[in-house]
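This is what each chain is made of:
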Amino acid sequence: MAAEWATLAYTLFTTIFILVTFVRLTNPGDMLLLRAQAVVLTLALWGVYRLCPGKLTMLFRVTGQLLLLSWWYSDTYELNRIFPNLDHVFAGYEQSLFGFQPSLSFSQVFSHPIFSEFLSMGYVSYFPLFVGITLFYFFFRYEHFERTAFIIMASFFLFYLIFIFVPVAGPQFYFKAVGVDQIAQGIFPNIGDYFNTIEFDVHNRDFIMPIPGWEDGPMYKALIITHDAGERPTAAFPSSHVGIATVVLWLAWESKNRKVFYVCLPFAVLLFFGTFYILAHYAIDAIAGLFFGTIFYFGLKWAYNLTH
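If you're wondering where the values come from, they're calculated on a predicted model, not measured in any experiment.

Novice: Looking at this structure, I do not really get the overall build of the protein chain. What am I missing?
Specialist: A tally of regular secondary structure across the protein chain gives 14 helices and zero strands. Its helices and strands taken in sequence order, the protein chain reads α-α-α-α-α-α-α-α-α-α-α-α-α-α from the N to the C terminus. Taking 308 residues into account, the globule formula puts the C-alpha radius of gyration at 19 Å, and the protein chain, at 20 Å, falls close to it. Along the first, second and third principal axes, the C-alpha atoms of the protein chain reach 60 × 50 × 35 Å. Scored against the burial criterion, the 308 residues of the protein chain give a buried share of 54%. Of the contacts made within the protein chain by residues no fewer than 6 positions apart, 82% connect residues no fewer than 24 positions apart. Surface accessibility of the protein chain: about 13,900 Å² in total, with carbon and sulfur atoms responsible for 70%. Averaged over its 16 positive side-chain charges, the protein chain has a centre that lies 14 Å from the centre of its 20 negative ones.

Here it is, written out as structure tokens:
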């Protein structure tokens, strides 16, 4: 299946990368073991499908690949921190474009609990959006299910490749590392290989800016749970949250079911603004997510149709 080939291609490329940079990595053995497990899982699910072909076992194959995404995401941090951090460059671009830091000011200006709850809900809706559109195509547009799974999985891997070679941690980590007082003055220090010299712990709030929002709100609490489950100082540019949400919107539009599109749209809009409201991204990351998500959708759709 095309989505599985995308997984295997990403696995092969990053395996070669790990072998080339082996001595510079902190946990290369664990990363190679992860890749072996991913290949075994992919082949096992493919084998089950060969023995019992049908829609259900096809769904198992796609579900298996989606479950691996949380592994692949955190894995980008292990790979990209061997390169010099680029947050100072992107924070500088942000300052030049807007004259201030939207990720720092947005939540201060719009601090009302209801407002923050809606934006927290938008950020948390990331997972239901791409899982939901996948299930919609499975149940109602099955003839395009395999293509949909490929577009979503391959989009993730393209974003992950960018994250490896463009190491940007995002405001929540960079601002904490250099101090908000310097950021407020428009000073953006180059921290080099800072993230490769610390023992990072996502549960240790000393490494992370406080996440804005209504702390007693149910959406804020859900946001903290998802954040603590696997957030790392990686994957800021471009925003894959916005990028994948953009892919979902294109898939929803193509489904010709406008109800699906109009259900997804408000969540995608809230997610766009939520990414820099909670300090996870710079505003330019979210804007770039719209661009890359659109490019990936049409490019991968063309590639799939070309080979099928």
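Here the narrative resumes, following the displayed structure.
Novice: I'm lost on the nonpolar core in this one. Help?
Specialist: It is characteristic of soluble globular proteins that their nonpolar side chains tend to be buried jointly. Judged by nonpolar contacts, the single largest core of 75 residues is most densely connected at W72, F130, I133, F150, F156, Y160 and L251. Setting aside its immediate chain neighbours within four residues, F150 contacts A2, A3, A6, S155, L300 and Y304.

Novice: Looking at this structure, I do not really get the environment of L251. What am I missing?
Specialist: In this fold, L251 is placed in helix α12 (residues 240-254). For the pair L251 and Y297, spaced 46 residues apart in sequence, the C-alpha separation works out to 8.3 Å.

Novice: Would you take a moment to explain the packing of aromatic side chains for this structure?
Specialist: Scanning the entire structure with this criterion turns up 50 aromatic pairs. Ring geometry for F150 and Y304: centres 5.9 Å apart, planes at 35 degrees, overall tilted. Note that F150 is positioned in helix α8 (residues 145-165) and Y304 in helix α14 (residues 283-307), a separation of 154 residues in sequence. Residue F150 is classed as buried on the basis of its relative accessible area of 13%. Judged by its relative accessible area of 11%, Y304 falls in the buried class. Over the aromatic face of Y49 sits the side chain of R61, whose NZ or CZ is 4.5 Å from the ring centroid. Taking the ring centre of W253 as reference, the NZ or CZ of R258 above it sits at 3.6 Å.

Novice: How should I be thinking about the environment of L300 in this particular structure?
Specialist: Tracing the backbone through its elements, the reader meets L300 in helix α14. Placed 295 residues apart in sequence, L300 and W5 show a C-alpha to C-alpha distance of 13 Å. Excluding anything up to four places from it in sequence, L300 contacts F150, I151, A154, S155 and L158.

Novice: Explain helix α11 (residues 218-230) to me, please; I cannot follow it from the model alone.
Specialist: Since the α-helix advances by 3.6 residues per turn, residues separated by three or four positions end up pointing in the same direction. With 13 residues, α11 extends 19 Å from end C-alpha to end C-alpha; this agrees with the ideal 18 Å at 1.5 Å per step. Residues of α11 that are buried: Y220, L223, I224, H227, D228 and G230. Packing partners of the buried residues in α11 comprise α3 (55-80), α6 (113-124) and α9 (171-178).

Novice: Is there a simple way to think about the side chain of R81 in this case?
Specialist: With respect to the element layout, R81 can be found in the loop between α3 and α4 (87-98). Classification of R81 by relative accessible area gives buried; the value is 9%. One polar contact links the side chain of R81 to the main-chain carbonyl oxygen of F195, over a distance of 3.4 Å.

Novice: Is there a simple way to explain unusual backbone geometry in this structure?
Specialist: The step from F237 to P238 runs through a cis peptide bond, and the omega angle for that step is -15 degrees. Relative to the assigned elements, P238 resides in the loop between α11 and α12. Despite not being glycine, K256 shows a phi value in the positive range, around 65 degrees. Within the secondary structure layout, K256 lies in the loop between α12 and α13 (258-277). Given the relative accessible area of 68%, K256 is considered exposed.

Novice: How should I be thinking about α3 in this particular structure?
Specialist: The terminal C-alpha atoms of α3 lie 38 Å apart, and with 26 residues this matches the ideal 38 Å at 1.5 Å per residue to within 8%. L69 marks the point of greatest bend in α3, at about 30 degrees. Among the 26 residues in α3, 19 count as buried, and that is most of the element.

Novice: Please clarify how the pattern of salt bridges should be interpreted in this entry.
Specialist: Pairs can form between side chains of opposite charge once their charged atoms are near each other. Under the criterion given, the structure shown has five salt bridges. Two residues, R35 and D75, come together in a salt bridge whose shortest N-O distance is 2.5 Å. In this pair, R35 is assigned in helix α2 (residues 28-51) and D75 in helix α3, connecting sequence segments 40 residues apart. Accessibility classification places R35 together with D75 in one group, the buried group. The partner of E78 in a salt bridge is R81, and the shortest N-O contact between them spans 2.9 Å. Across the pair, R81 and E78 agree in class, each one buried. Connected through shared salt-bridge partners, R147, E254 and K301 make up one network.

Cut-off values and rules
- Residues numbered from 1 in each chain as written.
- Predicted model: local features only at pLDDT ≥ 70, side-chain atom pairs only at ≥ 80, totals over all residues.
- Heavy atoms only, no water.
- Helix = DSSP H or I, 4+ residues; strand = E, 2+ residues; numbered from the N terminus.
- Rg over C-alpha atoms; globule rule 2.2 N^0.38 Å.
- Buried < 20%, exposed > 50% of the residue type's maximum accessible area, 1.4 Å probe, protein only.
- Contact = heavy atoms within 4.5 Å.
- Areas by Shrake-Rupley, 256 points an atom, 1.4 Å probe, with all protein chains shown as cover.
- Lys, Arg positive; Asp, Glu negative; His and termini not counted.
- Charge placed at Lys NZ, Arg CZ, Asp CG, Glu CD.
- Core = buried A, V, L, I, M, F, W, Y, C linked by side-chain atoms within 4.5 Å.
- Phe/Tyr/Trp six-rings, centres within 6.5 Å; stacked < 30°, edge-to-face > 60°.
- Lys NZ or Arg CZ within 6 Å of the ring centre and 35° of its normal.
- Expected span 1.5 Å × (residues − 1).
- Polar contact = N/O pair within 3.5 Å; in protein donor to acceptor, adjacent residues only side chain to side chain.
- Bend = angle between axes of the 7 residues up to and from the residue.
- Salt bridge = Lys/Arg side-chain N within 4 Å of Asp/Glu carboxyl O.

Everything listed here is a matter of coordinates, which is why it stays silent on function.
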